[in-house]
Amino acid sequence: SCSVEYTIMVETDNSVPEAPPYYGFPFSSVMTSGPLGFLTTIPINISDSGTITDLNITLNLNASFSSTYALRYLNIQLLSPYGNIVNLAHGDQVGGSPYWSEQDGGHLYNTVFDDEALTSIYDGLSPFGGSYQPEGLLSDFIGQSISGTWELLISSALEWINADIEYTIMVI
């Protein structure tokens, strides 16, 4: 048996916390669960109209098989309705440096891919909560119409990785 004493000291200045950043109007996918196979596509059909001036992606991915190192086997991309593909991130088993490796885990939690983020997705810590620069440039979509079917493409070097995945496209 053991006892521990501790004190928490809190100071306040009566300030109001900053509002969370605005990443754009959200269009969300349906939660997808199951084996990823060698290629999984998750569509979002957007019927709204408008021209993209900024685009960000929020991604939640929870791998149940090999969850301690699943990201290293994945390649994640966004495909626009007009055929443009932007690489968001990939693991060391499916591409060259920089990449996710074994210590990066198998989870993404409210991971925002944003060109204006200060940290590369490869310099973050699992489960990568917060805002990160993607591998490619989401600004490649600027000037395109938002209308059409967008697809998150996840390719896997292992066909038996199971995951729960959902994503949101945020457009300004």
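Remember, it's a predicted structure, so these values are computed and weren't measured experimentally. (Residues numbered from 1 in each chain as written. Predicted model: local features only at pLDDT ≥ 70, side-chain atom pairs only at ≥ 80, totals over all residues. Heavy atoms only, no water.)

1. Thoughts on a nonpolar patch on the surface
And step 1. Judged by side-chain polarity, Tyr22, Phe25 and Ile172 come together as a nonpolar surface patch covering roughly 340 Å² of accessible area.
And step 2. In this structure, Ile172 sits in the segment after strand 10 (162-171). (Patch = residues over 30% accessible without salt bridge, like charges linked within 9 Å, V, L, I, M, F, W, Y side chains within 5 Å. Areas by Shrake-Rupley, 256 points an atom, 1.4 Å probe, with all protein chains shown as cover. Salt bridge = Lys/Arg side-chain N within 4 Å of Asp/Glu carboxyl O. Helix = DSSP H or I, 4+ residues; strand = E, 2+ residues; numbered from the N terminus.)

2. Description of the packing of aromatic side chains
And step 1. The full count for this structure, using the stated rule, is five aromatic pairs.
And step 2. Here the aromatic rings of Trp100 and Tyr122 are separated by 6.2 Å at their centres, their planes lie at 70 degrees, and the arrangement is edge-to-face. Of this pair, Trp100 sits in the loop between strand 6 (85-90) and strand 7 (107-113) while Tyr122 is found in the loop between strand 7 and strand 8 (130-132), placing the two residues 22 residues apart along the sequence. The same class applies to Trp100 as to Tyr122, namely buried.
And step 3. Their ring planes at 80 degrees and their centres at 5.1 Å tell us that Phe141 and Trp150 sit as a pair that is edge-to-face. By the burial criterion, Phe141 is buried, and Trp150 matches it.
And step 4. Among the aromatic side chains, those forming a connected cluster through ring pairs are Trp100, Tyr122, Phe128 and Tyr132. (Phe/Tyr/Trp six-rings, centres within 6.5 Å; stacked < 30°, edge-to-face > 60°. Buried < 20%, exposed > 50% of the residue type's maximum accessible area, 1.4 Å probe, protein only.)

3. A look at the pattern of salt bridges
And step 1. Under the criterion given, the structure shown has two salt bridges.
And step 2. Between Arg72 and Asp92 there is a salt bridge; the shortest N-O distance is 3.0 Å. Taken together, the residues Arg72 in the loop between strand 4 (55-63) and strand 5 (74-79) and Asp92 in the loop between strand 6 and strand 7 connect sequence positions 20 residues apart.
And step 3. As a salt-bridge pair, Arg72 and Glu102 come within 3.5 Å of each other at their nearest N and O atoms. Within this pair, whereas Arg72 is found in the loop between strand 4 and strand 5, its partner Glu102 is found in the loop between strand 6 and strand 7, the two being separated by 30 residues in sequence.
And step 4. Judged by relative accessible area, which is 14%, Arg72 ranks as buried.
And step 5. By relative accessible area, Glu102 is classed as partly exposed at 47%.
And step 6. Residues joined by salt bridges that share partners form a network here, namely Arg72, Asp92 and Glu102.

4. What to know about the sheet that holds strand 9 (residues 148-156)
And step 1. One open sheet accounts for four strands, arranged 3-9-5-6; its pairing is antiparallel. Across the chains shown, the open sheet's two edge strands, defined by having one partner strand only, are strand 3 (39-46) and strand 6. This sheet shows a mean twist of 20 degrees between the axes of neighbouring strands, independent of strand direction.
And step 2. Where strand 5 and strand 9 come together, six bridges link them in antiparallel fashion. Among the inter-strand pairings, Gln77 is bridged to a residue of strand 9, identified as Leu153. (Pairing = 2+ DSSP bridges. Axes fitted to C-alpha atoms, helices over the stretch in contact; angles between N-to-C directions.)

5. With respect to the environment of Gly124
And step 1. The topology assignment puts Gly124 in the loop between strand 7 and strand 8.
And step 2. Residue Gly124 is classed as buried on the basis of its relative accessible area of 8%.
And step 3. Each C-alpha atom, one on Gly124 and one on Asp104, is 8.6 Å from the other, the two residues being 20 residues apart in sequence.
And step 4. Excluding residues within four positions of it along the chain, Gly124 makes contact with Asp104, Thr119 and Tyr132. (Contact = heavy atoms within 4.5 Å.)

6. Structural notes on the nonpolar core
And step 1. By size, the foremost hydrophobic cluster in this structure holds 40 residues, and its most contacted members are Leu55 and Ile169.
And step 2. For this core, the elements supplying multiple residues, two or more each, are strand 3, strand 4, strand 5, strand 6, strand 7, strand 9 and strand 10.
And step 3. Not counting the four nearest positions on each side in its chain, Leu55 is found in contact with Leu78, Leu138, Phe141, Trp150, Ile169, Met170 and Val171. (Core = buried A, V, L, I, M, F, W, Y, C linked by side-chain atoms within 4.5 Å.)

Read these as geometric descriptors, not functional statements.
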